[in-house]
Amino acid sequence: PGPVTGGDVANEDLRQACIWNTTAKRVQYNGAAYSQEFWDYAVRFNTECPLAGKSADRRFGYACSKRTMEEVGIAVQAVENCVRRNFKQILQDQIEQVAWSPQALRLNGWRYSGPLDPETVLKAVCSGFANPPKECDELLNGYSSVVQWSTPSLTFRRLLTTIFVMGLVLSAGFFLYRR
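Note that this is a predicted model, so its numbers are computed, not measured.

Colleague: I'd like to hear about the nonpolar core, residue by residue, with values.
Modeller: In this structure, I19, Y41, M69, I74 and V79 are the most contacted members of the largest nonpolar core, which totals 17 residues. Taken together, the elements giving at least two residues each to this core come down to α1 (6-23), α2 (36-48), α3 (62-72) and α4 (76-96).

Now the structure itself:
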């Protein structure tokens, strides 16, 4: 066993749920909730609070979480109040909505079972909209420019040329071999 306990993991889950609950806002054009602070925290916590960090404020746990929340502009006291008030309900929700793998993903309450590469997940998220937002088009167009698949370059003429050249090489090889 390492320095991180199951309690530490459960407490971090509670904090992240409360970060979402205290910072998420409804987007006007489609009513979906979004929190830039949550995503900033999730990315930064993942990179700056590893399990084997050298000090408490740089290791998975409360001290690193608190420092990270402060750095991304999250009201730490509001998150702590949320944890105190709602911990039973949040944990009960976690028990009822159990993940089926370490890398579980739900989209609109449905279990996603496709590959977890960013482009495929983005396509799945965007396909959940009746009218996808402009961000879906922008992001998906960005992926099409990253990977450029070339068309097959073997034409009939190239095939004949290749066969002819191979025939010449074989003929020269036989000629030189007989000498």
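Colleague: If you had to explain the state of the cysteines to someone new, which residues and values would you point to?
Modeller: Considering all chains together, one arrives at three disulfides under this definition. For C18, the disulfide goes to C82, at an S-S distance of 2.2 Å. Since a negative S-S torsion denotes a left-handed disulfide, the C18-C82 link at about -75° is left-handed. Of this pair, C18 sits in helix α1 while C82 sits in helix α4, and the two are 64 residues apart along the sequence. The exposure class assigned to C82 is buried, which follows from its relative accessible area of 2%. The disulfide bridge from C49 ends at C64, spanning 1.8 Å between sulfur atoms. Judged by the sign of its S-S torsion, about -80°, the cystine formed by C49 and C64 is left-handed. Within this pair, whereas C49 is found in the loop between α2 and α3, its partner C64 is found in helix α3, the two being separated by 15 residues in sequence. Summarising the burial analysis for this pair, C49 and C64 share the class buried. In the chain, the cysteines engaged in disulfides, taken in order along the sequence, are linked 1-4, 2-3, 5-6.

Colleague: Explain the environment of N11 residue by residue, including any values.
Modeller: Among the secondary structure elements, N11 is positioned in helix α1. On the basis of relative accessibility, which here comes to 38%, the residue N11 falls in the partly exposed class.

Colleague: If you had to explain the side chain of R15 to someone new, which residues and values would you point to?
Modeller: Here R15 shows up in helix α1. Its relative accessible area of 9% is what places R15 among the buried residues. One polar contact links R15 to E12, side chain to side chain, over a distance of 2.9 Å. Ignoring anything within four residues of it in the chain, the contact list for R15 reads D8, G61, Y62, S65, M69, V79 and V83.

Colleague: Give a detailed account of a nonpolar patch on the surface, specifying residues and quantitative values.
Modeller: On the surface, a nonpolar cluster with roughly 530 Å² of combined accessible area is contributed by L154, F156, L159, L160 and I163. Positionally, F156 belongs in helix α7 (residues 156-178).

Colleague: Go over the environment of W39, please, and point to the residues and values.
Modeller: Topologically, W39 is positioned in helix α2. Separated by 20 residues in the primary sequence, W39 and I19 place their C-alpha atoms 9.8 Å from one another. If we skip the residues at most four places from it in the chain, W39 touches W20 and Y34.

What counts, and where the lines are drawn
Residues numbered from 1 in each chain as written. Predicted model: local features only at pLDDT ≥ 70, side-chain atom pairs only at ≥ 80, totals over all residues. Heavy atoms only, no water. Core = buried A, V, L, I, M, F, W, Y, C linked by side-chain atoms within 4.5 Å. Buried < 20%, exposed > 50% of the residue type's maximum accessible area, 1.4 Å probe, protein only. Helix = DSSP H or I, 4+ residues; strand = E, 2+ residues; numbered from the N terminus. Disulfide = S-S within 2.5 Å. Polar contact = N/O pair within 3.5 Å; in protein donor to acceptor, adjacent residues only side chain to side chain. Contact = heavy atoms within 4.5 Å. Patch = residues over 30% accessible without salt bridge, like charges linked within 9 Å, V, L, I, M, F, W, Y side chains within 5 Å. Areas by Shrake-Rupley, 256 points an atom, 1.4 Å probe, with all protein chains shown as cover. Salt bridge = Lys/Arg side-chain N within 4 Å of Asp/Glu carboxyl O.

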